[in-house]
Every structure is written in C-alpha cells, then in structure tokens.
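Overview (structure and organization)
Listed here are the chains, written in short residue letters.
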Amino acid sequence: MLRTLKSAILGGVRLARTRWAVMGKGRFLRHGEHLHVGTNVRLWAPHHLNLGTNVYIGRDSHIECNATIGDHVMIANRVALVGRHDHLFGQIGVPTLFATSVTDPGYPPGLALEEVAVEDDVWIGYGSIVLTGVRIGRGGIVAAGAVVTKDVPPYAIVAGVPARVVGHRHSPEDIPRHEQAIREGHFVFSARGRLFNIVKPGPHRP
C-alpha cells in the first residue's frame, strides 16, 4: 500500500515536471504521448522539435537545436543535442562572438533547418553529444560520452570521440523478428516507475 502510494505521488510529480518543461514551447515543440522530461532539462529549437511516443529525456540534458525524435527513445542524463552551425564563424573580420547566429535575421535558411534525426528505439547514453546534420538509425545505441558527428547505421553501437561503430545490437537475422515484435506489441512508459510500464511484445517467429 505504502509503495503504491509513494509511486503515485512520484508519478504525479514527474508528470507535473514534464508539463512545466513543455509549457509555452508550442511555437516549436510537438510531442506524442507518455513523454518524460527530467529535472533541469532545456528544450529549445530555432524551428522545430518533434518528439514521438514514449520518449524519455534524462535530467540535465539539453536539446538546443532542431530535432526529430522517434518512438521508444531513451535519452540518458546530461546528453546534449546541439547545432553544428549555430554561428557563421567564417565571416571575415567578425569575431565568432559577434558572428551571425542561428537566431539572427539573414541566417541561411538551409542551415536554420538543419536537425538531429533520431529514429525509433534508440538509446543515447550518458553525457553524449550529438551534432545537427546527424541521423541515428533505428535501434542504434550511442555509448556514454560519445561525440556523434556523422550518421549512425541502424542497430549499430557507436562509441568514442568522434563516435565510430564498435558493435551491433542485433544480428541481421534477429532484426526482422525484433521489429515485428515491437510493431505488433503494446508499450506504455509510466511516470510512476518501471514496475508500472506496459511491456507487451507482439508475437514473432522463433
């Protein structure tokens, strides 16, 4: 009884924190159901930030760029998604501090729309940095502390600075079964804690 009450209170606090984090951001932010936003998360984008269903954003993380993030994505604590070209540092005779930035009039439209794309079922590990212009493929994993400067193939595990492929999450034979089970399953992230999540993979071939 006490445990259930405690989880209900914590769930309410987490939901309130998420609602507070997204409040007033309708100009650029769209999100699906069951979003979790941890403590001290910053959400900002010059144009768009689109979050899917069951997205978890850990505490102290910063998303400060355009981004499209799919379903069932886990972003660990202290992760940063940031713009690669936020300042036009190549301007002759202008210190970078004063160079045209992504929020200024006259900033090139192509660069202003540059984004981080994170496909479904991705895990971005603690303290990672991902730059705009990067796509993290479906099922990919970014190891803790990695700096991602180029695309991550589907189901690849990347690590290092700059990040490179160090392994794969599933064998090619297992990927279709994994994706079928997710596609035909039912998954709900609960703010009350992991014991209250709904995890029902669909049927799949053995």
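Preceding block: the structure.
One structure accompanies this document, and this report is about it. Just so you know, these numbers come straight off a predicted model, no measurement behind them. (Residues numbered from 1 in each chain as written. Predicted model: local features only at pLDDT ≥ 70, side-chain atom pairs only at ≥ 80, totals over all residues. Heavy atoms only, no water.)

Some remarks on the overall build of the protein
For the record, the criterion: The secondary structure listing takes helices from DSSP runs of H or I that are at least 4 residues long and strands from runs of E that are at least 2 residues long, numbered from the N terminus. We compute the radius of gyration from the C-alpha atoms alone; for a globule the expected value is 2.2 Å times N to the 0.38, where N is the number of residues. Think of it in three bands: residues with accessible area under 20% of the maximum for their type are buried, residues over 50% are exposed, and the middle band is partly exposed, with areas taken using a 1.4 Å probe on protein chains only.
Along the protein, the regular secondary structure elements total three helices and 19 strands. For the protein, whose C-alpha radius of gyration is 19 Å, the value lies close to the compact-globule estimate of 17 Å for 206 residues. For the C-alpha atoms alone, the extent of the protein along its principal axes is close to 65 × 45 × 25 Å. Across the 206 residues in the protein, those meeting the buried criterion constitute 38%.

With respect to the sheet that holds strand β9 (residues 80-82)
Formally: Only when DSSP finds a minimum of two bridges between them are two strands counted as paired.
Spatially, five strands are ordered β3-β6-β9-β12-β15 in an open sheet, and the strand pairing comes out parallel. Strand pairing shows two members of the sheet lacking a second neighbour, β3 (42-44) and β15 (147-148), which therefore form its edges. For strand β12 (residues 129-131) and β15, the ladder comprises two bridges, and the chain directions are parallel. Opposite isoleucine 129, over in β15, you have valine 147 as the bridge partner.

Some details on the sheet that holds strand β11 (residues 123-124)
The sheet built from seven strands is open, its strands ordered β2-β5-β8-β11-β14-β16-β17 with mixed pairing. Pairing within the sheet leaves two strands with one partner each, and these edge strands are β2 (36-37) and β17 (164-168). Where strand β14 (residues 141-142) lies against strand β16 (residues 156-159), two bridges are found, and the strand directions are parallel. Opposite valine 142, over in β16, you have valine 158 as the bridge partner.

A few points about the side chain of asparagine 54
Our working rule: Here a polar contact is recorded for every N or O atom pair within 3.5 Å, except that within protein the pair must consist of a potential hydrogen donor and a potential acceptor, and residues adjacent in sequence are included only if both atoms are side-chain atoms. Working rule for contacts: check all heavy atoms of both residues, and any pair within 4.5 Å makes them a contact.
Mapping asparagine 54 onto the fold places it in the loop between β4 (49-51) and β5 (55-57). One polar contact links asparagine 54 to histidine 72, side chain to side chain, over a distance of 3.2 Å. With residues near it in sequence (within four places) discarded, asparagine 54 still touches Glu33, His34, Asp71, His72, Val73, Phe187, Val188 and Phe189.

Section: the pattern of salt bridges
Oppositely charged side chains are able to pair whenever their charged atoms sit close together. Operational definition: In what follows, salt bridge is the name for a side-chain nitrogen of Lys or Arg lying within 4 Å of a carboxyl oxygen of Asp or Glu.
The full count for this structure, using the stated rule, is seven salt bridges. Between aspartate 121 and arginine 169 there is a salt bridge, with its nearest N and O atoms 3.1 Å apart. In this pair, aspartate 121 sits in the loop between β10 (115-118) and β11 while arginine 169 sits in the loop between β17 and α3 (174-183), placing the two residues 48 residues apart along the sequence. Under the relative-accessibility criterion, arginine 169 is labelled partly exposed at 28%.

Looking at the environment of leucine 113
Tracing the backbone through its elements, the reader meets leucine 113 in the loop between α2 (109-112) and β10. In this structure leucine 113 comes out as partly exposed when scored by relative accessible area, which is 44%. Between the C-alpha atoms of leucine 113 and alanine 45, which are 68 residues apart in sequence, the distance is 9.8 Å. Dropping the residues within four chain positions of it, leucine 113 is found in contact with His47, His48 and Asn66.

Structural notes on unusual backbone geometry
The residue after valine 161, namely proline 162, is reached through a cis peptide bond having omega -10°. Along the chain, proline 162 falls in the loop between β16 and β17. Positive phi outside glycine occurs at histidine 72, with the angle close to 55°. When you line up the elements, histidine 72 lands in the loop between β7 (66-69) and β8 (73-75).

Structural notes on the packing of aromatic side chains
Here is the rule we go by: Side-chain rings of Phe, Tyr and Trp (the six-membered ring for Trp) are treated as a pair once their centres are within 6.5 Å; stacked means planes under 30 degrees apart, edge-to-face means over 60, and tilted covers the remaining angles. Put simply, a charge is over a ring when the Lys NZ or the Arg CZ is close to the ring centre, within 6 Å, and near the line of the ring normal, within 35 degrees.
Summed over all chains, the structure comprises one aromatic pair. Taking NZ or CZ as reference, arginine 192 lies 4.1 Å from the ring centre of phenylalanine 196, over its face.

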